[in-house]
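In case you want the letters, here they are:
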Amino acid sequence: MATDAATTQNRSAVEFLDVRELKKHFPIQKGFLKRTVGQVRAVDDVSFSVRPGETLGLVGESGCGKTTTARCILRAIDPTSGEILFRTKDDDVVDISTLPRGPLRELRADMQMIFQDPFGSLNPRMTLLDIVGEPLLVHGMDSRRERADRVAELLRLVGLRPEYMRRFPHAFSGGERQRIGIARALALNPRLVVADEPVSALDVSVQAQVINLLEDLQQQLNLTYLFVAHDLSVVRHISDRVAVMYVGKIVELGKSEDIFDSPKHPYTSALLSSVPIPDPRLRAQRIILQGEVANPANPPSGCYFHPRCDYAVDQCRTDQPQLEEIEPGRWVSCWRARDLDLPGLVATHSGNGSS
Amino acid sequence: MAENGHQPLLSVKNLKTYFPTDEGLVRAVDGVSFNVAAGRTLGIVGESGCGKSTVGRSILGIIDRPGRVEDGEIIWRRDVNGDMQEIDVTKQQPNSGLMRSIRGSDIALVFQEPMTSFSPVHTIGNQLMEAIRLHLDLTKKEAEERAVDLLNRVGIPNPAQRIHEYSFQLSGGLRQRAMIAMALSCDPSLLIADEPTTALDVTTQAQILDLLRDLQEQNGMAIILITHNLGVVAEMADEVVVMYLGREAESGPVDDVFHNPQHPYTQGLLRSIPSIYAKGVERLPSIVGTIPHPFNRPSGCTFRPRCPSFMEGVCDVHVPKFQNIEGSEQAVSCFLHHPPAEVTN
């Protein structure tokens, strides 16, 4: 996979993963002839980069395109346009979005996914050995013995007993199943792990165990995570940087503590303020957003957030803001990002708290 | 909880709801007691399988087969033309006229899944009007007016048009609002909300919780809020019941339970939630192990295999009784507070 000479310069800047102007539009078809009558802009011009060894949290409400973005990066679905540049093990930079089948298949060993639903993502008719060993088989580990050894090692790694190898998934609880899914994702020593809501189907007491496991594995195996989630406290705990999405676009991107402590986009601020805090003394003055999330098939003019935004001015109704770097490492897509002083978590939740 | 001298609206005493299945007996609810006072909010929290939804369904007498209330009483107190009536729900036939008069008009239920709790082949308005006319003696026209008014009260825009729409035409948040409108259609004195916001996004959740609080302020109904989300309980509840495997682990005023938890399970649960305020550099303290399978309940205290303060010879032999802690409004079932000698004698 030789890098195209013409684009070398452009690509040499890629540290690990660079997503550039990624778009995924789903056509809306109608009638007998399946004429395309519109486009659902699930992902609409998204750019961000992921650094090696970090955890980038991707947050947003349902339908904001965070899962679609993640799936495009793995090429589980083909993006409409844009570049997904990835630095491979051999220090080449490849564009995942246009990679032909063969090389893509090889590359997949480097990027793996952990799914949300631990019940739907494991084949009930396969034993753990087959489930965790399947990626090994696909990538050429033919000896059954070797596979069994590797599976045992993986199960130990995620905190399951290797003796369970011959059992079927139904014998395990939700948390244990999620561990199996993690073991499968790690089977090929990937460098990038895309975790799509990995703990949201789990009970609170088990959720903490799986979060700890993910963090331990990241340290041990030097993994890079793209962590897709809607639970903001989990995202804060695990992420180094956070990208907030709204209707197919990134509205804010920055270091985790900056985003949570001093959000620059009104949507981020409102999102943070809606999280119920498990402390009755902190019943906060919430920012209650009015109305509904915009329809990605028919988004409003200007800034997609303006109909729900308390700070909207005329410019917001007509012109679409671009994601701009307002401070080093801090990207915001809002016309008023520089002059607004928005309440972050500390501001909205203190004051009436006594502890 | 009946501190102001009034009788509580609802008293649940030692409720046991079991599901006899082919594989064995599932003790979904195994001895739960609490009171709900008028105008107050009781939060029932617990993880999956702790029996919190079964408690709610037992109160309404709508437990799915083969479940049945094995023991205990559920006393519902209502005012019928100035007379205080006490009805033990567990003694009534689930399909009796009396139960049907309680269900919907006295006690209403909001389900978790707004997607499936509406009929997709009837309009929202028709379903609302059906509920209204079942309990109140109104003409079609009056019922429609009331339906529009209800949708308006729960904050649905253009209610006069919306009543002609089907549930699938509404978004998740609007559908949950319509569900609440349906529950409120006969001015219930108790609203049981079973995971009312679990299927919703955080910003929509904040809207719905705000709505529930407003409505409670307006018509003074009591709410039983069943949820797994400790944040939602902290936000909404006056009193909390923490359940684990069909039993109460701890109960008390919300502030005491969250700031001074007495049961190791409550303590562990509260500690294991990542904080949104700070990135913990350290690992999340988690509760070891998993929730046991219902056919495989541990002897003694059901929490003991996961408990950091497990005492051998005590917790695995005796079953802790749910008792008040002296000098506080909290109650726990734990031998750390009530040594077994007190219990067995």
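See the structure printed just above.
Owing to the predicted nature of the structure, the values given are computational and were not obtained by experimental measurement.

> Is there a simple way to think about the overall build of chain B in this case?
The helix and strand inventory of chain B stands at eleven helices and twelve strands. Against the 2.2 N^0.38 benchmark of 20 Å for 345 residues, chain B shows a C-alpha radius of gyration of 21 Å, consistent with a compact globule. Referenced to the eigenvectors of the C-alpha coordinate spread, the extents of chain B come out at roughly 70 × 50 × 45 Å. Within the span of chain B, comprising 345 residues, buried residues form 52% of the whole. Sequence separation of at least 24 residues holds for 63% of the intrachain contacts in chain B that already meet a minimum separation of 6.

> Explain the environment of B:Met243 here, please?
All names here are of chain B. Mapped onto the secondary structure, Met243 falls in strand β9 (residues 239–244). As a C-alpha pair, Met243 and Gly49 span 194 residues in sequence and 9.6 Å in three-dimensional space. When neighbours within four sequence positions are excluded, Met243 is seen to be in contact with Val32, Ile44, Val45, Gly46, Cys50, Gly51, Lys52, Val55, Glu248, Ala249 and Tyr265.

> What is the right way to read unusual backbone geometry from this model?
Leave glycine aside and you will find that most residues have negative phi; peptide bonds, for their part, are mostly trans. Across the junction of B:Arg65 and B:Pro66, the peptide omega takes the value 0°, indicating a cis bond. Within the secondary structure, B:Pro66 sits in the loop between α1 (52–60) and β4 (68–80). Positive phi values are uncommon outside glycine, yet A:Asn189 reaches one of about 50°. Here A:Asn189 is to be found in the loop between α6 (174–186) and β7 (192–196). Positive phi, close to 50°, is recorded for B:Glu195, a residue that is not glycine. Position of B:Glu195 relative to the elements: it lies in the loop between β7 (190–194) and α7 (202–219). Here B:Glu195 falls in the buried class, since its relative accessible area comes to 7%.

> Looking at this structure, how should I read the pairing of strand β11 (residues 324–327) of chain A?
All names here are of chain A. Pairing between β11 and strand β12 (residues 330–332): three bridges, direction antiparallel. Pairing of Glu325 across the sheet is with Trp331, part of β12. Linking β11 to β12, which pair antiparallel, is a turn of two residues; within it Gly329 sits at a positive phi near 80°.

Reading the values: rules and limits
- Residues numbered from 1 in each chain as written.
- Chains lettered and ligands numbered in written order.
- Predicted model: local features only at pLDDT ≥ 70, side-chain atom pairs only at ≥ 80, totals over all residues.
- Heavy atoms only, no water.
- Helix = DSSP H or I, 4+ residues; strand = E, 2+ residues; numbered from the N terminus.
- Rg over C-alpha atoms; globule rule 2.2 N^0.38 Å.
- Buried < 20%, exposed > 50% of the residue type's maximum accessible area, 1.4 Å probe, protein only.
- Contact = heavy atoms within 4.5 Å.
- Pairing = 2+ DSSP bridges.

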